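# Coordinates in review
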Amino acid sequence: MDDVTAILDHLNAAQREAVSAPQGNMLVLAGAGSGKTRVLVQRIAWLIQAEGLSPYAVLAVTFTNKAAREMRTRLEALVGTSLRHVWVGTFHSIAHRLLRTHWQDARLPQHFQIIDSDDQLRLIKRLIRENDIDDERFPPRQVQSFISGCKEEGLRPHQVNVHGDAYLGQMVELFDRYQLTCERGGLVDFGELLLRSLELLRDNPALLAHYQQRFAHVLVDEFQDTNTLQYAWLKLLTGMTTPMTVVGDDDQSIYGWRGARVENIRRFEREFPQTKTVRLEQNYRSTSAILEAANALISHNAERMGKTLWTAGERGEPISVYSGFNDLDEARFIVDTLRERVEEGVNRREIAILYRSNAQSRVIEETLIRQGVPYRIYGGHRFYERLEIKNALAYLRLLLNRDDDASLERVINVPARGIGTRTVELLRQRAREGSVSLWQALHDGLVDGALKGRAGTALQAFADLIDTLDNDGAGLALHEIIDHVIARTGLLEHHRNERGEKGQARVENLEELVTAARAFTQGDAFDAPEAGEGATALEAFLSEAALNAGEHEADEFEDSVQLMTLHSAKGLEFPVVFIAGVEEGLFPHRMSAEEPGRLEEERRLCYVGLTRAMRKLYLTHAEIRRLHGKETFQRASRFLREIPEEYLEEVRLRGQVSRPVTASRPTGLRQSGVNGGDDLPSLSLGQRVSHPVFGEGVILNAEGEGPRARVQVSFAGEGDKWLVLGFAKLTPL
DNA sequence: CTTGCGGCCTTTTTT
DNA sequence: AGGCCGCAAG
């Protein structure tokens, strides 16, 4: 406390400037590996210790729970426990906290529940079916993204401008009904958390004034990932007068596809008064070979704010490029190589294998398993998103709130108890007619005798089950309630009877849920100071599960190789990194390769991948890959060509000479070429060809060998065509 | 009501 | 290939 300048020790000039800048709006453009988190943490310490702000007056917002946790941990390590009152959290957890505290002003039931996107989708599917809407024209996923999109733009159904468009009108109608269903069930989706809390503040000037006064400084991490709603939320909360420190990197914006607006960085600079911009350009993570390669790659993007990373570190080894014969060979190379590195003394946890899409992990996993290499995989289904867990949670929600239609529908016949779609449909219809919840409709139907016979008996049994469970729960600890529920509902038995490992894993997961609940009540996660009156442990647990779905990662302490998508690697670093599947169509993904904007996002994703590596980077691709059950010829990614040769080194199999990668002919193209035979032209994927009838085109795909081989060619104006090499007169251009 | 078969589609993911 | 969905048979 005495010597606040100690906070500035070991910082470079730019970092020091960012940490100790006088209070005012500041934009920190922080390149990969430039000490971003460090600056953020030190900045908070500075604000409190040098500027004299109360910890209560500081709000720090992140995107992920992981980032929030890391920031808090580092803050506490730096300054001690006096900082535990700093508000650090994700946008969603902070919004949740506001809504829990001010549920009445937010016009929410006290025990509202948060639904995740999976629940949301189910609910939408139900609505579409219920209203006899053509799900071909209105695919549930599209409706879901429409609704989320509206909320992210801060729009309520009546605010959407339909322009007399019938299609849009129907969408809005569905949005409206969806919202009504949520209101009736006391359900709040992720977008709603933010929108509702924004409206709460906007419509309650006294409340807004309170929070504007309370927070003296607001800090935001990963600003390039904010969406329109989050931007508006910050604008409202700060009133553009509370000073803000925002940290971001436009080159690492990889979430445009889910609403993130990179422009928010520029907008902030423009709209918030007297914004000071600081660039952190010195990289402390990677060798210069890796960093220069990344710089060269990203320079191919046009839309940039301009920033060039440099490092004082050594050049290091060149980036190794391996061209596998097929995906199995690629995996074999990765695993062999990493085993060599491990033998040299590298810890397995220091090695990461990154890929564009989850489907790629399978082959690599199989190879790792075969060779007995322990690995840990991030992503895929998180614990609280698994089917069996969601079923158990749905029962628990029903205990708290019988009117939660989504949960009721989820488990009314799980495990199967003779309540089929017909019966559920009848229930839905009655609920709709009476404008009541499904539970209410069920009850009324049993009372007035409309639901009888076999279905009636089954429904009665279900209703009794829920009520009994509720009664039994009185006086029990949280984990005992859950234990009781999974046993009494038959969920445990249901999965035990499932054959194979899958059922076994599900049973274990259910048991793990009980353990998690025990830990939850005993741990400090359950201190929820502002969780509101009468908040039960169960309620808090359910919120935690919805908001914090990914916490469960097994074997955290075993030294294992890390597997994850490029997206989930953001923010992490590893001494040794493999990026697999660096191929056209996969990376950049074909869904994104067409549009320039989306291609640039793919390139940023590649940039993120490259800059994860500290010492050694491997880029691998396969010439033939099994994709969706079919063998496809792949050609090397354009991103490989965008990295100057001088940083690359092609890996050849043992005994072969290694030669530099040439820019004109990317690795492996020769091998991946379709050789039509001696008298046929030698063609390669991606090559431009000319056809006497169709004109000029590009080879997209190929299958078979010899004269009967077929190639798929994309002709300008003629579209894609499959041609047999022996007949089609194709001339290479 | 349950089960099994065939057709369809296939990024990325946090909250 | 594999998961999901809808449909038809048991």
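Keep in mind that what you see is a predicted model, and the values were worked out from it rather than measured.

This brings us to helix α1 (residues 13–20). For α1, the full list of buried residues reads Ala 14, Gln 15, Ala 18 and Val 19. Looking down the long axis of α1, one finds its buried residues gathered within 130 degrees of arc, a one-sided arrangement. Where α1 is buried, its residues meet β1 (26–30), α2 (36–49) and β8 (276–280). Where α1 begins, the side chain of Asn 12 points an oxygen toward the backbone nitrogen of Ala 14, at a separation of 3.1 Å.

With that out of the way, let us pick up the pattern of salt bridges. With the rule as written, the count across this model stands at 49 salt bridges. For Arg 506, the salt bridge goes to Glu 388, with nearest N and O atoms at 3.0 Å. Remark: Glu 388 occurs in helix α15 (residues 387–400) and Arg 506 occurs in helix α22 (residues 500–522); sequence separation between them is 118 residues. Assessed through its relative accessible area of 17%, Arg 506 is described here as buried. A salt bridge links Arg 603 to Glu 642; its shortest N-O distance comes to 2.7 Å. Separated by 39 residues along the polypeptide, Arg 603 in helix α26 (residues 596–610) and Glu 642 in the loop between α27 (638–641) and β16 (648–651) bring together distant segments of the chain. Note on Arg 603: relative accessible area 6%, which makes it buried. The exposure class assigned to Glu 642 is buried, which follows from its relative accessible area of 12%. Residues participating in the shared-partner salt-bridge network are Lys 151, Arg 156, Glu 183, Asp 189, Glu 192, Arg 196 and Glu 199.

This part takes up the protein's contact with DNA strand B. Around DNA strand B lies a shell of 32 residues, among which Arg 356, Arg 382, Gly 420, Thr 565 and Arg 598 are the nearest. When atoms of DNA strand B within 4 Å of the protein are split into backbone and base, the sugar-phosphate part holds 51%. Asn 358 is positioned with one of its backbone polar atoms (N or O) 2.7 Å from a phosphate oxygen of DNA strand B. In the model, a phosphate oxygen of DNA strand B is placed 3.3 Å from a nitrogen or oxygen of the Thr 423 side chain. For the surface near DNA strand B, the elements supplying multiple residues, two or more each, are α17 (421–434), α24 (566–569) and α25 (590–593). The class makeup of the residues in the surface near DNA strand B is 8 nonpolar, 18 polar and 6 charged.

Let's shift gears to the packing of helix α9 (residues 205–214) against helix α10 (residues 228–238). Look at α9 against α10: their axes get within 8 Å of each other, and the N-to-C directions meet at 85 degrees. Taken together, the axes of α9 and α10 lie roughly perpendicular to each other. Contact with α9, carried on its side by Leu 208, Tyr 211 and Gln 212, involves Leu 236, Leu 237 and Thr 238 of α10 and no other residues of that element. Among the residues making up the contact of α9 with α10, the classes are represented as 4 nonpolar, 2 polar and no charged.

A few words now on the pairing of strand β15 (residues 630–633). Bridge count between strand β14 (residues 613–627) and β15: 4 bridges; the pairing is antiparallel. Bridging across to β15, Arg 625 finds its partner in Thr 632. Between β14 and β15, which pair antiparallel in sequence order, lie 2 residues; one of them, His 628, sits at a positive phi of approximately 50 degrees.

Ordered in space as β3-β2-β6-β7-β1-β8, the 6 strands form an open sheet in which the pairing is parallel. Each of the sheet's edge strands pairs with one partner strand only, and the pair in question is β3 (87–90) and β8. Taken over all neighbouring pairs, the strand axes of this sheet differ in orientation by 15 degrees on average, direction set aside. Sheet topology note: the β1/strand β7 (residues 244–248) ladder contains 4 bridges and is parallel. The partner of Val 28 across the bridge, within β7, is Val 247. Lying on the sheet, α10 is in contact with β2 (58–62), β6 (217–220) and β7; it crosses β6 at an angle near 165 degrees.

Close contacts around DNA strand C come from Lys 125, Asp 135, His 628 and Gly 629, and that covers them all. Atoms of DNA strand C within 4 Å of the protein belong to the sugar or the phosphate in 33% of instances, the rest to bases. The separation between a phosphate oxygen of DNA strand C and a polar side-chain atom of Lys 125 is 2.5 Å.

Moving on, we come to the environment of Glu 539. By secondary structure assignment, the location of Glu 539 is in helix α23 (residues 537–547). Judged by relative accessible area, Glu 539 falls into the buried class, the value being 3%. C-alpha separation for the pair Glu 539 and His 111, spaced 428 residues apart in sequence, amounts to 7.6 Å. Separated by 2.6 Å, the side chains of Glu 539 and His 111 make a polar contact.

All right, on to the confidence of the model for chain A then. Mean pLDDT for chain A: 84, with 87% of residues reaching 70 or above. This model gives residues 525–535 a pLDDT under 50, and the stretch forms 16 contacts once residues within four places in sequence are excluded. Every residue in residues 704–708 scores below 50 in pLDDT, and together they form 10 contacts with partners more than four places removed in sequence or on other chains.

It is worth spelling out the packing of α17 against helix α18 (residues 438–447) at this point. Here α17 crosses α18 at 100 degrees, and the two axes come no closer than 8 Å. By the criterion of interaxial angle, the relationship of α17 to α18 is roughly perpendicular. Every residue of α18 that contacts α17 at Leu 427, Arg 428, Arg 430 and Ala 431 is listed here: Leu 438, Ala 441, Leu 442, Asp 444 and Gly 445. Considering only residue class, the contact of α17 with α18 consists of 5 nonpolar, 1 polar and 3 charged.

What follows is about the pairing of strand β9 (residues 319–326). Look at any regular strand and the pattern is simple: side chains alternate between the two faces of the sheet. Burial analysis of β9 places 7 of its 8 residues in the buried class, the great majority of the element. Here β9 pairs with β16 via 4 bridges, running parallel. Bridging across to β16, Ser 320 finds its partner in Glu 649. With 6 bridges connecting them, β9 and β14 associate as parallel partners. Directly across from Ser 323, in β14, lies its bridge partner His 621.

Rules used in this analysis
Residues numbered from 1 in each chain as written. Chains lettered and ligands numbered in written order. Predicted model: local features only at pLDDT ≥ 70, side-chain atom pairs only at ≥ 80, totals over all residues. Heavy atoms only, no water. Buried < 20%, exposed > 50% of the residue type's maximum accessible area, 1.4 Å probe, protein only. Helix = DSSP H or I, 4+ residues; strand = E, 2+ residues; numbered from the N terminus. Arc of directions from axis to C-beta. Contact = heavy atoms within 4.5 Å. Polar contact = N/O pair within 3.5 Å; in protein donor to acceptor, adjacent residues only side chain to side chain. Salt bridge = Lys/Arg side-chain N within 4 Å of Asp/Glu carboxyl O. Near = heavy atom within 4 Å. Nonpolar A, V, L, I, M, F, W, Y, C, P; charged D, E, K, R; others polar. Axes fitted to C-alpha atoms, helices over the stretch in contact; angles between N-to-C directions. Parallel < 35°, antiparallel > 145°, perpendicular 65-115°, else oblique. Pairing = 2+ DSSP bridges. pLDDT = per-residue confidence, 0-100.

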